[in-house]
Structures are given as C-alpha cells and as structure tokens.
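Each chain, written out:
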Amino acid sequence: MGLLDVLLGRSKPVPPDLDRLFALPSAAVTLEAAAGFIPTGQGAVCFATVEGAAFEQAHREVRSLLDADAGRTPVEPAQDSYGYSWLVSHRSPDELPLLVNDLHAVNSSLEAGGFGPQLLCSLAGFRHDDGRRLALVYLYKRGTFYPFAPLPGDRERRDNALELRIRAVLAGELPVEEDLGRWFPVWGAPGL
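Peer 1: Would you take a moment to explain the sheet that holds strand β6 (residues 144-148) for this structure?
Peer 2: Within a sheet, each strand pairs with its neighbour through backbone hydrogen bonds, oriented either parallel or antiparallel. Within the open sheet, the six strands sit side by side as β2-β3-β1-β4-β5-β6. Their pairing is antiparallel. Either end of the sheet is taken by a strand with one partner, and the two such strands are β2 (76-79) and β6. In this sheet, neighbouring strand axes are inclined to one another by 25° on average, regardless of whether the strands run parallel or antiparallel. The sheet contact formed by strand β4 (residues 119-127) and strand β5 (residues 133-139) spans seven bridges and is antiparallel. By the bridge assignment for β5, glycine 125 is matched with alanine 135. The strands that helix α4 (residues 96-115) touches are β1 (38-47), β3 (85-90) and β4; relative to β1, the one it contacts most, it runs at about 5°.

Here it is as structure tokens:
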C-alpha cells in the first residue's frame, strides 16, 4: 500500500485466516453454557459457482477428500434459491471438531486451487431444546463470525434480540463482526 492509497483512504483487505474456524468448538461450549444452544452436527461452505473444468476438478477433489473418511455421510452439494453453491457436511452433534476440520478443508482446498475469491462464508448449525435454530457464520473475506437466528416458520424473519445476545456471549471467544450491516441473512442455507 502506497502513500497515495493512505491519502485517498484506500486500504488493503485483511487476508482471510481460516484457522479462526478452529475456535468454534470452544465457543460452542460457551454457547451451550450461556444460552442452551448445542451443535446440530451440520455445517456448510458457501461459494459463488464458477463455470469451467478447473473449478469442477477442484470441487470433485474436495468432495472426494472429505468422502474418504469411512463411516460418515458423504459431503453433499447443494444450491440455494439465490444461485449460490454449498458443500454440506454432516457429522454427529458431538463431533464439532471434525465438522470444523471439514469446513477448514473445503475452504483451504478451494483457496489453494485459486478459487479464494469465490468463497463467501461457512456456517455451523446449532439448536435449542425449544426448537430455535442458530448458525455461527464465518465471513471468509472478513475473517469474522456473526450469529444468524431465523425465527421458526416459513417467513424470512430473524430473531435480532437473540443474535445480539449471542454476540455478547461470544465476544471473548470468536472474532465477532463489528459491522452489523454485514450480518447477512442466509435464508434457506443448507446445514442450518
């Protein structure tokens, strides 16, 4: 970054730090103790779909890498109603560290294949005994997390009060996204 960039207020984007995903298991302990949410065992990585043989090859390699783990449900590809692609991983609810490894492997493999700009977010699903759902969403390009809590039912509404409470609970555990405008809803996200 040069002097002209500083004078014009331009800044370099912060490079993603995928190792921040490994903070999820300890944050889950705090989340359960403070708010009663437990892991569902489901998580997903969202990316903008790219056409071409190189991307398809990278996509197949990621799936075969994760599917090589014997005794587990294969990673499933999915597409949401907005046209984004997802790779969904299913684990037992008590295997959150393995789920995080899956999410990290997908992100790392696509990044190593030159497709980092297409990576959007990763999420891990949580549920409460009363039926509420919650996702901790990792923004790839920001290196931060935010909670997403859809309200039950078919309407696209979220529980903003719960999201703010979860932000306060996890403030010491995860790098939480400060800009609430970047807390994008992930309606219909597989893995939630």
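Let us keep going from here.
Peer 1: I'm lost on the packing of helix α2 (residues 24-35) against α4 in this one. Help?
Peer 2: Axes are the key here: two packed helices are described by the angle between their axes and the distance separating the axes. The geometry of α2 relative to α4 is characterised by a closest axis approach of 9 Å and an angle of 135° between their N-to-C directions. Classified by the interaxial angle, the pair formed by α2 and α4 is oblique. Here α2 and α4 pass one another in a crossing that is right-handed. Facing α2, whose interface residues are Leu24, Pro25 and Ala28, α4 presents Leu96, Pro97 and Val100. Its residues assigned to classes, the contact of α2 with α4 comprises six nonpolar, no polar and no charged.

Peer 1: Where do I start with the pairing of β1 in this structure?
Peer 2: A regular strand carries its side chains on alternate faces of the sheet. Among the ten residues in β1, seven count as buried, and that is most of the element. With seven bridges connecting them, β1 and β4 associate as antiparallel partners. Directly across from alanine 44, in β4, lies its bridge partner leucine 123. Where β1 and β3 come together, six bridges link them in antiparallel fashion. Within β3, the residue paired with alanine 44 across the bridge is valine 88.

Peer 1: Hey, could you run me through the pattern of salt bridges in this one?
Peer 2: Side chains that differ in sign of charge can pair as their charged atoms come close. Tallied over the entire structure, the rule returns six salt bridges. Glutamate 177 serves as the salt-bridge partner of arginine 142, at 2.8 Å between the closest nitrogen and oxygen. Here the residue arginine 142 occupies a position in the loop between β5 and β6, and glutamate 177 occupies one in the segment after α5 (160-170), the gap between them amounting to 35 residues. Taking the relative accessible area as the measure of exposure, arginine 142 reaches 35% and is therefore partly exposed. Residues glutamate 163 and arginine 158 are paired through a salt bridge, measuring 3.0 Å at the closest nitrogen-oxygen approach. Across this residue pair, the class does not change: glutamate 163 and arginine 158 are buried.

Peer 1: I'm lost on the packing of aromatic side chains in this one. Help?
Peer 2: Here the structure, examined in full by the defined rule, presents three aromatic pairs. The interplanar angle of 20° and the centroid separation of 6.0 Å between the aromatic rings of tyrosine 146 and tryptophan 183 together place this pair among those described as stacked. With a gap of 37 residues between them, tyrosine 146 in strand β6 and tryptophan 183 in the segment after α5 connect regions that are remote in the sequence. As far as burial versus exposure is concerned, tyrosine 146 and tryptophan 183 are alike and both buried. Summarising the aromatic geometry, the rings of phenylalanine 148 and tryptophan 187 are spaced 5.2 Å apart at their centres and angled 75° between planes, so their arrangement reads as edge-to-face.

Peer 1: Would you mind showing me how to read the environment of aspartate 159 here?
Peer 2: Relative to the assigned elements, aspartate 159 resides in the loop between β6 and α5. Spatially, the C-alpha atoms of aspartate 159 and arginine 132 are 9.6 Å apart, while their sequence positions differ by 27 residues. Leaving out residues up to four positions away in the same chain, aspartate 159 has contacts with Ala149 and Leu151.

Peer 1: Please clarify how the environment of proline 117 should be interpreted in this entry.
Peer 2: With respect to the helices and strands, proline 117 occurs in the loop between α4 and β4. Proline 117 gets classed as exposed once you look at its relative accessible area, which sits at 59%. Counting along the chain gives 69 residues from proline 117 to alanine 48, while the straight-line C-alpha distance between them is 8.6 Å.

Thresholds applied
Residues numbered from 1 in each chain as written. Predicted model: local features only at pLDDT ≥ 70, side-chain atom pairs only at ≥ 80, totals over all residues. Heavy atoms only, no water. Pairing = 2+ DSSP bridges. Helix = DSSP H or I, 4+ residues; strand = E, 2+ residues; numbered from the N terminus. Axes fitted to C-alpha atoms, helices over the stretch in contact; angles between N-to-C directions. Contact = heavy atoms within 4.5 Å. Parallel < 35°, antiparallel > 145°, perpendicular 65-115°, else oblique. Left-handed = near helix turned anticlockwise from the far one by under 90°. Nonpolar A, V, L, I, M, F, W, Y, C, P; charged D, E, K, R; others polar. Buried < 20%, exposed > 50% of the residue type's maximum accessible area, 1.4 Å probe, protein only. Salt bridge = Lys/Arg side-chain N within 4 Å of Asp/Glu carboxyl O. Phe/Tyr/Trp six-rings, centres within 6.5 Å; stacked < 30°, edge-to-face > 60°.

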